[in-house]
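Understanding the architecture of this molecule
Each chain, written out:
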Amino acid sequence: MSNDAATAIPALDSLQGARPDAPVHGLGASLPSADAPAKAAGTFPYAADLWAEGLLWAALLRSPHPHARIVSVDTSAAAAMPGVRAVVTHADVPGDPSYGRKVADRPVFAHELVRHHGEAIAAVAADHPDTARLAAAAIAVEYEVLEPVTDPEKAFAAEPLHPDGNLIRHIPLRYGDPEAAGEVVVEGLYRIGRQDPAPIGAEAGLAVPRPDGGVDLYTASTDPHTDRDLAAACFGLAPDQVKVVVTGVPGATGDREDPGFQIPLGLLALRTGCPVKLAATREESFLGHAHRHPTLLRYRHHADAEGRLVKVEAQILLDAGAYADSSAESLAAAVSFACGPYVVPHAFVEGWAVRTNNPPSGHVRGEGALQVCAAYEAQMDKLALELGVDPAELRLRNALATGDILPTGQTVTCPAPVAELLVAVRDAPLPALPKDTPEDDWLLPGGPEGAGEPGAVRRGVGYALGMVHMLGAEGADEVSTATVKVHDGRATVLCAAVETGQGFTTLARQIVQDTLGIDEVHVAPVDTDQPPAGPAAHGRHTWVSGGAVERAAKMVRTQLLQPLAHKFGMSTELLQITDGKITSYDGVLSTTVMETLEGKELWATAQCRPHPTEPLDAGGQGDAFVGLAFCAIRAVVDVDVELGSVRVVEMAVAQDVGRVLNPAQLAARIEAGVTMGVGAALTENLRTPRGLVRHPDLTGYPLPTALDAPDVRIVKLVEERDVVAPFGAKPASAVPVVTSPAAVAAAVRAATGRPVNRLPIRPQAAVAAPRG
């Protein structure tokens, strides 16, 4: 962020803790992460750094074909190699041969058919990692290569790629009058590419066999209890015979670790009786883990002469790749939010998720919502152009608000300050125009070595509104359990919520500090011996796990205050804890928390479960979501209209956050979300011609660097608390990811006059349209 922005915008001042009255601990403070020093010093325990006595190394053999019949697998040469301790294939899986978080349709090892490039065929354990890799390469597999189905539109008529068929889910949403029509109609066809979550650090794991015949898995799981249950079923063991210990998570924007290597790792440990470790290469990560769904979208918007929406018609096709994973849930989000944060009286949306022979798709931050946001915002720009209305003004005329009804029939009961957010970014000062001087040539699209000329650069300004849902949806049982213990003046929090970079461990410390007045708070490492807390997605740990920590802390608070209240003949509600001191309402009682705790050990366990939701019915109707969060972004871009290169100058963000719990952490989450969205808009697309993953590395898959990251100006944070959420807070990072690509595309449209109907934006799409 620029220094000018930091001094000019009050919202940003508060995020950076610049207010004189900003607390130093507890909720509202910019408390730093407890593990930051260890990460900076390189001593943080990542899975790739783990070691055990008698360690073996694992390697996987992966298919070079996207679709093939397996005629035979010969492991004899690999097994005979010196140093090889075990080779396992499909025949060696003692339990369920397939797994899946929602649908158990993905085999541990392919055995009859290969359904995507890079699918695991076998695994090897050896004394040295090089030996393991050589042995895996020595496994002889005879394939009958089949024609891959890579076009999701052709999957409907293609031969079934899986016993469950090619159609994973179909959602027909019907809302209003199908005969309704507007005076103005615009149509569009849009394509969204395959974004990879590109997790920081190697995907790695260590499996250690146990004396009772079970196994412990050390991995950076973001959903340890589900991973444990999946692995136990494949191992043929009871869940209590498998323990998942969460190691340090380098960062996650989706499912951090692929169960497709965790399960083979455990099988090898059980087979050899030795600890087995695997550290995946970046190529293996690209081949194995799930990506954002490539999506094809067709839209038709109807509006009256004033630009008010009358009807939205859409078709949404998600490419799920070879297996179902979370595609059904992603499709529900895409269909439900297909009209965006706008009032639409009539909506008719068809959504499908289908299997192909492309790499698997799954949970990546903002899944489903990002794809439709890019399409419906492009439609709003087309409508504004057709009507001759300012794009921001058109959006304001249709903005959703609290009390309005979504096309799913669900009433928006949470705060929905959509218009307020849009006005904030619209009215924020624009950045200065680039200077045509040699010393500022790095400002040109393409950087200091770019070939562009200043005279070919045009500036564009675009707007986008986005929305996401909070927590799970469609009846998901969102529950988390936490325990708070206090002993010797120190508090410990036990909760299986995984810290993935979203700041849960810091939040848990802040909650206990706020509730109990204890500065020293430790959050225990996560493993599956603790009660489940669910996956780290959709802001659920802030809401559900944070809510559980708060309830447990309040129970401990009652235990702490009850003796004092009884002694002075008053209720605990008449006592308060502030800055480590306990005082009564009338000032008669005044003591410190530490004095009151002396010699005591207190603890409590509590659960948090939000109000239930329901699945969408046959017409796409139902109260499917616990809550919603919204964002408005104004993008400013410079485009070299001769070369088609794009530089994102600034992203002005206004966001509906409910309540700021950690200002510095919130700013970092918004900046990171915007940057991830810029990657989806301009550079990130895992290319898979004929189903083959092309250039599966960070050279062939360009992530935004520090030079590509725009100036992110947080111009407004709306702190209208959601009354049903603990603390009133909303998720922070998913909605800027969803909104950013649409805003960048809108700005490029404004600069070039091109329709920009594909993400990421290719250079030829950013070359200016001919004038006249």
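Quick look at the structure, then. (Residues numbered from 1 in each chain as written. Predicted model: local features only at pLDDT ≥ 70, side-chain atom pairs only at ≥ 80, totals over all residues. Heavy atoms only, no water.)

1. What to know about the overall build of the chain
Test applied: Numbering of helices and strands runs from the N terminus, with a helix taken as a DSSP run of H or I at least four residues long and a strand as a DSSP run of E at least two residues long. Throughout this description, buried means an accessible area under 20% of the type-specific maximum (1.4 Å probe, protein chains only), exposed means over 50%, and partly exposed covers the range between. Here a residue-residue contact requires only that any non-hydrogen atoms of the pair lie within 4.5 Å. Per-residue and other accessible areas follow the Shrake-Rupley method at a 1.4 Å probe size, with only the shown protein chains counted as cover for residues. All tallies of charge rest on Lys and Arg as positive and Asp and Glu as negative; His and the ends of each chain are not included. Charge positions are represented by NZ for Lys, CZ for Arg, CG for Asp and CD for Glu.
Across its full length, the chain holds 17 helices and 29 strands. Along the longest, intermediate and shortest principal axes, the C-alpha atoms of the chain span 85 × 80 × 60 Å. Looking at the 772 residues of the chain, the share that counts as buried comes to 60%. In the chain, 79% of the contacts between residues at least 6 apart in sequence involve partners at least 24 apart. Just so you have it, the chain exposes about 29,400 Å², and 52% of that area is on carbon and sulfur atoms. If the 63 positive side-chain charges of the chain are averaged to one point and the 93 negative ones to another, these points end up 1 Å apart.

2. Details of the state of the cysteines
Worth spelling out the cut-off: Count a disulfide wherever a pair of cysteine sulfur atoms falls within 2.5 Å.
Per the counting criterion, the structure on display carries zero disulfides. Here Cys 339 is not cross-linked by a disulfide; its sulfur's nearest cysteine counterpart is in Cys 373, at 13 Å.

3. Quick look at the environment of Ala 204
Relative to the helices and strands, Ala 204 is located in strand β11 (residues 204-209). The spatial distance from the C-alpha of Ala 204 to the C-alpha of Leu 278 is 5.5 Å, given a sequence separation of 74 residues.

4. Details of the packing of aromatic side chains
Working definition: an aromatic ring pair is given by the centre-to-centre distance plus the angle between the planes. Spelled out, the test is: To pair, rings of Phe, Tyr and Trp, with the six-membered ring standing in for Trp, must have centres within 6.5 Å; the planes then decide the type, stacked if under 30 degrees apart, edge-to-face if over 60, and tilted in the middle.
Scanning all chains against the criterion turns up six aromatic pairs. Seen in terms of ring centroids, Phe 44 and Tyr 46 are 5.1 Å apart; in terms of plane orientation they differ by 70 degrees. Their pairing is edge-to-face. Overall, the relative accessible area of 23% leaves Tyr 46 in the partly exposed class. Their ring planes at 90 degrees and their centres at 6.2 Å tell us that Tyr 342 and Tyr 376 sit as a pair that is edge-to-face. Of this pair, Tyr 342 sits in the loop between α9 (327-336) and β17 (346-355) while Tyr 376 sits in helix α10 (residues 369-387), placing them 34 residues apart in sequence.

5. With respect to the packing of α10 against helix α17 (residues 734-752)
This is how the line gets drawn: A fitted line through C-alpha atoms serves as each axis, taken over the contacting stretch for helices, and the angle formed by two N-to-C directions is quoted from 0 to 180°. What sets the label is the angle itself: under 35 degrees gives roughly parallel, over 145 gives roughly antiparallel, 65 to 115 gives roughly perpendicular, and the rest give oblique. Each crossing gets its handedness from the near helix: less than a right angle anticlockwise from the far helix is left-handed, clockwise is right-handed. We call Asp, Glu, Lys and Arg charged. Ala, Val, Leu, Ile, Met, Phe, Trp, Tyr, Cys and Pro are nonpolar, and the rest, Gly among them, are polar.
Where α10 meets α17, the closest approach of the two axes is 8 Å, and the angle between their N-to-C directions is 30 degrees. Between α10 and α17, the crossing angle belongs to the class labelled roughly parallel. With respect to the hand of their crossing, α10 and α17 are arranged in right-handed fashion. For the pair formed by α10 and α17, the contact residues are Ala 369, Leu 370, Cys 373, Ala 374, Glu 377, Ala 378 and Asp 381 on the first element and Val 737, Val 738, Thr 739, Pro 741, Ala 742, Ala 746 and Arg 749 on the second. Counted by class, the contact of α10 with α17 contains ten nonpolar, one polar and three charged residues.

6. Some thoughts on the nonpolar core
A general feature of soluble globular proteins is that nonpolar side chains tend to end up buried together. What counts here: Residues grouped as a nonpolar core are buried Ala, Val, Leu, Ile, Met, Phe, Trp, Tyr and Cys residues, joined through side-chain atoms within 4.5 Å.
Among the nonpolar cores identified, the biggest contains 111 residues, and Tyr 299, Ile 316, Leu 628, Met 651, Val 744, Val 748 and Ile 761 are the most heavily contacted of them. Counting 53 residues, the second-largest nonpolar core is a separate cluster that includes Val 249, Val 512, Leu 561 and Ala 604.

7. Re the sheet that holds strand β14 (residues 276-279)
Selection criterion: DSSP bridges decide pairing: two strands pair if at least two such bridges lie between them.
Strands sit in the order β3-β7-β1-β14-β11-β12-β13 across an open sheet of seven strands; the sheet is mixed. Either end of the sheet is taken by a strand with one partner, and the two such strands are β3 (84-88) and β13 (242-246). Between one strand and the next, the sheet's axes are offset by a mean angle of 20 degrees, whatever the strand orientation. Sheet analysis places strand β12 (residues 215-219) next to β13, joined by five bridges and oriented parallel.

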